[in-house]
Amino acid sequence: MRLSLLDRTRTRVGEPDSAAVRGTVERARRAEELGFHRFWVAEHHAVPGIGSGAPTVLMAAVAAATSRIRVGSGGVMLPNHRPLVVAEQVGVLAALHPGRIDLGVGRSLGFAPPVRRALQARDSFSEDLEELRAYLDGTAPITARPQLDEPVPLFVLATGKGLAVAGELGLPVVVGGPVLDDAGALADYRARGGPSVIVSVDVLVGDPVLALPEAWALAAARTTGEFPPLEPPDPDRPLTDRQRTTVENALARTIVGEADSVRAQLADLVARTGADELLLTSSTWDRAALARSDAALSTLLR
């Protein structure tokens, strides 16, 4: 089973955003040493809890700081970009780091209306995806340069509708959240010709309290409209009923605990979903604890 990491460049209270960006690059170096298959970065705009909105720029820094691990995006949000520009950006990366660059794309719009206006986001995902694929495989009316010997692998971050589109186009998908419990949607994707499924899941090896900062951030976002930086875990934090429910649901979706328990839960997840690869999206306030978790995760399912 291939194990990979998705790092969202999470900010932390009391730190500048630049610390989060540097932390992502340093984590990628460790991930390569630990033997992870891929290291992917994300795209979020004007979100206090996320330090980077430029995945291809961050991919360049990660690829330059490593030498073997595959580097990619989880993902580039196509509504915010012109397909030709995306193809050109990843083409430059692939020319500099041949055989190591992946392109994961999604359809999420900006977090809030002002962000969507600033991005001039548009919702034409299916058309943009087909156009992007044509640039990557060299079948478009114009040639995206640099022209590559082999196209950059394309992945779709998919929900129900995205699964169907990806299946029709024969593209691999990355799925997480409620889709993991929808066996029918995954079966339909495969029936349409979908070649492979990467399952994204929140995982931490260690004390379950490590999962609290991310769960609290999600609860804050749901009630204040702003996704905040990570804070130290506080089991006694006063919560509204709505926040408590959100925290409990987030913790229920997170695999966290000792290594043997985590291994068993991941094995069950693979059996249920038929996953070809696991993309682990762990984050927590304590960077040292996160590094220890990554080290423990690298030994699982091998």
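For the structure itself, look to the data block above.
Predicted model only: the values in this text are computed from it and were never measured. (Residues numbered from 1 in each chain as written. Predicted model: local features only at pLDDT ≥ 70, side-chain atom pairs only at ≥ 80, totals over all residues. Heavy atoms only, no water.)

> I keep staring at the sheet that holds strand S4 (residues 103-106) and nothing clicks. Help me out?
The strands making up a sheet are joined through hydrogen bonds of the backbone, oriented either antiparallel or parallel. If you walk around this closed barrel you meet the 8 strands as S1-S2-S3-S4-S5-S6-S7-S10, and the pairing is parallel. Looking at each pair of strands side by side, their axes are set apart by 25° on average, direction ignored. Taken together, the 4 bridges between strand S7 (residues 197-201) and strand S10 (residues 277-280) define a ladder with parallel strand orientation. Within the sheet, the bridge partner assigned to Val201 lies in S10 and is Leu280. (Pairing = 2+ DSSP bridges. Helix = DSSP H or I, 4+ residues; strand = E, 2+ residues; numbered from the N terminus. Axes fitted to C-alpha atoms, helices over the stretch in contact; angles between N-to-C directions.)

> How do you make sense of the packing of helix H6 (residues 160-169) against helix H7 (residues 183-191) when you look at a structure like this?
Two numbers describe a pair of packed helices, the interaxial angle and the distance between the axes. At their nearest, the axes of H6 and H7 sit 8 Å apart, and the two run at 20° to each other. Regarding the angle of H6 to H7, the classification is roughly parallel. Remark: the crossing between H6 and H7 carries right-handed chirality. Where H6 approaches H7, its residues Leu163, Ala166 and Gly167 are matched on the opposing element by Ala185, Leu186 and Tyr189. Residues of the contact of H6 with H7, tallied by class, amount to 5 nonpolar, 1 polar and no charged. (Parallel < 35°, antiparallel > 145°, perpendicular 65-115°, else oblique. Left-handed = near helix turned anticlockwise from the far one by under 90°. Contact = heavy atoms within 4.5 Å. Nonpolar A, V, L, I, M, F, W, Y, C, P; charged D, E, K, R; others polar.)

> What should I look at first to understand the environment of Gly177 in this one?
Within the secondary structure, Gly177 sits in the loop between strand S6 (173-175) and H7. With relative accessibility at 33%, the residue Gly177 sits in the partly exposed group. Residues Gly177 and Asp202, spaced 25 residues apart in sequence, show a C-alpha to C-alpha distance of 9.4 Å. (Buried < 20%, exposed > 50% of the residue type's maximum accessible area, 1.4 Å probe, protein only.)

> I'm lost on the pattern of salt bridges in this one. Help?
Two side chains that carry opposite charge are able to pair once their charged atoms sit near each other. What the rule picks out here adds up to 18 salt bridges. Residue Arg29 is joined to Glu26 by a salt bridge in which the shortest nitrogen-to-oxygen separation is 2.8 Å. With Arg29 and Glu26 both in helix H1 (residues 17-34) and 3 residues apart, the pair spans about one turn of that helix. The residue Asp123 makes a salt bridge to Arg107 at a minimum N-O spacing of 3.4 Å. Taken together, the residues Asp123 in the loop between helix H4 (113-119) and helix H5 (125-137) and Arg107 in the loop between S4 and H4 connect sequence positions 16 residues apart. Under the relative-accessibility criterion, Asp123 is labelled exposed at 55%. Three or more residues are tied together by salt bridges with common partners; here these are Arg38, Arg70, Asp102 and Glu277. (Salt bridge = Lys/Arg side-chain N within 4 Å of Asp/Glu carboxyl O.)

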